[in-house]
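Inside the fold
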Amino acid sequence: MKVTLSTLDTYESSFTPLVVIELAQDVKEETKEWLKNRIIAKKKDGGAQLLFRPLLNKHETETLEHHNLYLVGASQIRLLLGAEAVGLVKECNDNTMRAFTYGTRQNFKGFDDNNDDFLTMAECQFIIKHELENLRARDEKMIPGYPQAKLYPGKSLLRRLLTSGIVIQVFPLHDPEALKKLEDTWYTRFTLKYQPIDSIRGYFGETIALYFGFLEYFTFALIPMAVIGLPYYLFAWEDYDKYVIFASFNLIWSTVILEVWKRGCANMTYRWGTLLMKRQFEEPRPGFHGVLGINSVTGREEPVYSSFKRQLRIYLVSLPFVCLCLYFSLYVMMIYFDMEVWALSLHEDSGSEWTNILLYVPSIIYAIIIEIMNRLYRYAAEFLTSWENHRLESAYQNHLVLKVLVFNFLNCFASLFYIAFVLRDMKLLRQSLATLLITSQLLNQIVESLLPYWLQRKHGVQVKRRVQALKADIDVALYEQVILEKEMGTYMGTFDDYLELFLQFGYVSLFSCVYPLAAAFAVLNNFTEVNSDALKMCRVLKRPFSEPSASIGVWQLAFETMSVISVVTNCALIGMSPQVNAVFPESKTDLILIVVAVEHALLALKFILAFAIPDKPRHIQMKLARLEFESLEALKQQQMKLVAENLKEEPREGIKEKAA
């Protein structure tokens, strides 16, 4: 992104702005000066050694607003040294993947001292974020100008500034030229094509690229289920014998696609270098608090909080609250069934076209209520998980995912299980499944993308008018871009996106033998989901910081768990079919035993398939083994070199002693 910052050349030559820091409006001047000095100071002096500029100079702040915005960048050498510090893995000239080091930079493919494109913009912004987050307090006891904002040695300054409200937000800037190129190949032309996953990764980073890669893979994996399900829906609606074949295919399909995805994911992340990145020791979460103490692993001073107190909060407060929410969800479900009975009785009494349409109204209302309850519960789960005071971000995410998945699973699927195994009404099951699936997909499209995009377009027009009315001699394009992006919504991560796919996978894998069109509707939704999510990322929300990732994380386990539940559900549905029951007209015990035996056999087959399909392709395993071998050999040679140097020095010391 080549931008001329003529108005910012008050201290040094202009630079490429990568990150924006927004301070509170009433921040004191001594605090601003202290923060600037810490950001531009050399590493040996405890600084980040980055470039730091105000968006507006002193003359412009007298006539314009937004004098609390600052731009952060870095020199090319600083970024390369940062790439070594964070452990970025790059491709070498011999086609191997290795951790980048500045000393061996000439050995890496595509590197040139005169070329600034070796690191992607997403990687540069990730490096700057890493350096800002690793600015730590040294001798300061408090933030200058704010005695209440206490500091202690080793405390992250940026986290303290954020929690104290001095820094409002830190976000990476979009690159208009690169963004336009990405949009042209991604979603502006509505054609059936593969997504530019590598370009998405270069612009947004690996975590978001993996989500879109999984979304695309899952959509194409649904096509066989959709193609097979269509004739079942059209020609064999009540033929449960054929549904046995469809359910069996469903079980194998749900296992194979998840195992094949792991292989494809390993291929992608190896090519990107994140499969080889070493995880650093996790720092405490920004919201973690406690009594100042010493970390037994790192020896650093940091807050310490009793794990016993945390367990008390989890089991005495969080767990009862989750159970109460689950009970409330079941209570709402029973109200829904009362509405279904009322609509059915009304239809039987009159039998008109209007009452026939009325039969679908309870399911539509219930689907809308489910979406509302899911979103409200999400806020409560985030508050509770934050209140539990988990030290690590990974622990926080695991507890949050567990809370949300349990509630969403029960809230979305409890009514379907009740209809299938208590009421045993397959017609109502098909109707409810179709209504829940279609309504939830429409609501998600509107709430997540279309409505925010419309609001953002209106806001963008207002910002353009305000900027055009200015008569100041400033870089209008940059000023307008920063002002527009700072007021965009913040992307909260891939959690909600994966959750939507998880629920969709449940609708397809659990009950598709009863409603074979579920996969077809999921495919249609996902083709539009790709474009709406891309639009959301590019035009509706702030650009998120890149986050290296080697897999889809805990969501892989969530999908695999759902596929196990689908085995039990489909076996039970097959066992309930009239054709299967006709084989055992007298002994229901034999039927139950056979269904359980078949279910165990299918589970065994499922786990055998999962074991037989390696998580990583053979060539990736060989490359990883080779790198490990070379690392061990290099370590041996280094140790032998040290031993040889010690042996050379020993005779010299002996000669000196004799001479003495």
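Residues numbered from 1 in each chain as written. Predicted model: local features only at pLDDT ≥ 70, side-chain atom pairs only at ≥ 80, totals over all residues. Heavy atoms only, no water.

As recorded by an unreviewed UniProt entry, the chain carries the name Anoctamin and is attributed to Marmota monax. Check the Sequence similarities (unreviewed entry) section of the UniProt entry for the chain; it says "Belongs to the anoctamin family." In the Subcellular location (unreviewed entry) part of its UniProt record, the chain is described as follows: "Membrane". (UniProt positions renumbered as here; feature names shortened; annotations may be inferred.)

Focus: the overall build of the chain
Within the chain, the secondary structure is distributed over 21 helices and 10 strands. Within the chain, buried positions represent 49% of all 660 residues. Long-range pairs, those at least 24 residues apart, make up 73% of the contacts in the chain between residues at least 6 apart in sequence. Counting every atom, the chain has about 33,500 Å² of accessible surface; 62% of that belongs to carbon and sulfur. (Helix = DSSP H or I, 4+ residues; strand = E, 2+ residues; numbered from the N terminus. Buried < 20%, exposed > 50% of the residue type's maximum accessible area, 1.4 Å probe, protein only. Contact = heavy atoms within 4.5 Å. Areas by Shrake-Rupley, 256 points an atom, 1.4 Å probe, with all protein chains shown as cover.)

Describing the pattern of salt bridges
Considering all chains together, one arrives at 23 salt bridges under this definition. Of the charged contacts, one joins Glu140 and Arg38 as a salt bridge, the two residues approaching to 2.4 Å between their closest N and O atoms. Of this pair, Glu140 sits in the loop between helix H4 (121-133) and strand S6 (142-143) while Arg38 sits in helix H1 (residues 29-40); the two residues are 102 residues apart in sequence, bridging distant segments of the chain. Comparing Glu140 with Arg38 shows no difference in burial state: the two are buried. Linking Arg539 and Glu183 is a salt bridge whose minimum nitrogen-to-oxygen distance equals 2.7 Å. Residue Arg539 is found in helix H17 (residues 518-540), and its partner Glu183 is found in helix H6 (residues 176-186); the two are separated by 356 residues along the sequence. By relative accessible area, Arg539 is classed as partly exposed at 36%. Residue classification places Glu183 among the buried positions, given a relative accessible area of 4%. A single salt-bridge network, built from bridges that share partners, covers Lys90, Glu123, Arg201 and Glu206. (Salt bridge = Lys/Arg side-chain N within 4 Å of Asp/Glu carboxyl O.)

Side note on the packing of H6 against H17
Viewed as axis vectors pointing N to C, H6 and H17 meet at an angle of 175°, and their least axial separation amounts to 11 Å. The orientation of H6 relative to H17 falls into the category roughly antiparallel. Here H6 contributes Leu179, Glu183 and Trp186 to the contact with H17, which in turn contributes Val530, Asn531, Ala534, Cys538 and Arg539. In the contact of H6 with H17, the residues fall into 5 nonpolar, 1 polar and 2 charged. (Axes fitted to C-alpha atoms, helices over the stretch in contact; angles between N-to-C directions. Parallel < 35°, antiparallel > 145°, perpendicular 65-115°, else oblique. Nonpolar A, V, L, I, M, F, W, Y, C, P; charged D, E, K, R; others polar.)

Examining the sheet that holds strand S1 (residues 19-23)
Read across the sheet, 4 strands follow the order S2-S3-S1-S8 without closing on themselves; strand pairing throughout is antiparallel. The strands lining the two open edges of the sheet, one partner per strand, are strand S2 (51-54) and strand S8 (167-172). Pairs of neighbouring strands in the sheet enclose a mean axial angle of 20°, with direction left out of account. Pairing between S1 and S8: 5 bridges, direction antiparallel. If you follow Ile21 over to S8, its bridge partner there is Val170. Most of the contacts of H4 go to S1, to which it runs at about 40°, and overall it touches S1, strand S3 (69-73) and S8. (Pairing = 2+ DSSP bridges.)

Comments concerning the packing of aromatic side chains
Overall, the coordinates contain 33 aromatic pairs when judged by the stated rule. Taking the centre distance of 5.4 Å and the plane angle of 45° together, the rings of Phe100 and Phe118 count as tilted. Taken together, the positions of Phe100 in the loop between strand S5 (97-99) and H4 and Phe118 in the loop between S5 and H4 put the pair 18 residues apart, joining distant regions of the chain. Residues Phe100 and Phe118 agree in their burial class; the two are buried. Pairing Tyr194 with Phe220 gives two aromatic rings, centres 5.4 Å apart and planes at 35°, and the pair type is tilted. Of this pair, Tyr194 sits in the loop between H6 and helix H7 (197-204) while Phe220 sits in helix H8 (residues 206-235), placing them 26 residues apart in sequence. Classification of Tyr194 as exposed rests on a relative accessible area of 62%. For Phe220, a relative accessible area of 34% gives the class partly exposed. The side chain of Lys542 reaches across the aromatic face of Phe171, ending 5.8 Å from its centre. Over the ring of Tyr203 we find Arg543; its NZ or CZ atom is 3.7 Å from the centre of that ring. (Phe/Tyr/Trp six-rings, centres within 6.5 Å; stacked < 30°, edge-to-face > 60°. Lys NZ or Arg CZ within 6 Å of the ring centre and 35° of its normal.)

Observations concerning the packing of helix H10 (residues 307-350) against helix H12 (residues 361-387)
Relative orientation of the contacting elements H10 and H12 amounts to 175°, with a least axis distance of 11 Å. In this view, H10 runs roughly antiparallel relative to H12, as classed from their interaxial angle. Per-class residue counts for the contact of H10 with H12 are 19 nonpolar, 3 polar and 2 charged.

Description of the UniProt feature "transmembrane region" (unreviewed entry) in the chain
According to UniProt, the feature "transmembrane region" (unreviewed entry) maps to residues 208-237, 243-261, 314-337, 357-377, 400-421, 501-524 and 591-613 in the numbering used here. With 100% helix and 0% strand, residues 314-337 has its two end C-alpha atoms placed 33 Å apart. Regarding residues 591-613, the helix share stands at 96% and the strand share at 0%, and the terminal C-alpha atoms are separated by 33 Å.

A look at H4
Its 13 residues place the ends of H4 18 Å apart at the C-alpha level, agreeing with the 18 Å of an ideal helix rising 1.5 Å per residue. Counting buried positions over the 13 residues of H4 gives 12, a clear majority of the element. Among all positions of H4, only Met121, Ala122, Glu123, Cys124, Gln125, Phe126, Ile127, Ile128, Lys129, His130, Glu131 and Leu132 are buried. (Expected span 1.5 Å × (residues − 1).)

Observations concerning helix H3 (residues 76-86)
Of all the residues in H3, the buried ones are Arg78, Leu79, Leu80, Gly82, Ala83 and Val86. Where H3 is buried, its residues contact H4.

Details of the pairing of S1
Within S1, 5 of the 5 residues are buried, leaving the element largely enclosed by the surrounding structure. Where burial is concerned, the two faces of S1 agree: the one with Val19, Ile21 and Leu23 and the one with Val20 and Glu22 are both buried. The pairing of S1 with S3 spans 4 bridges and is antiparallel. The partner of Val20 across the bridge, within S3, is Leu71.

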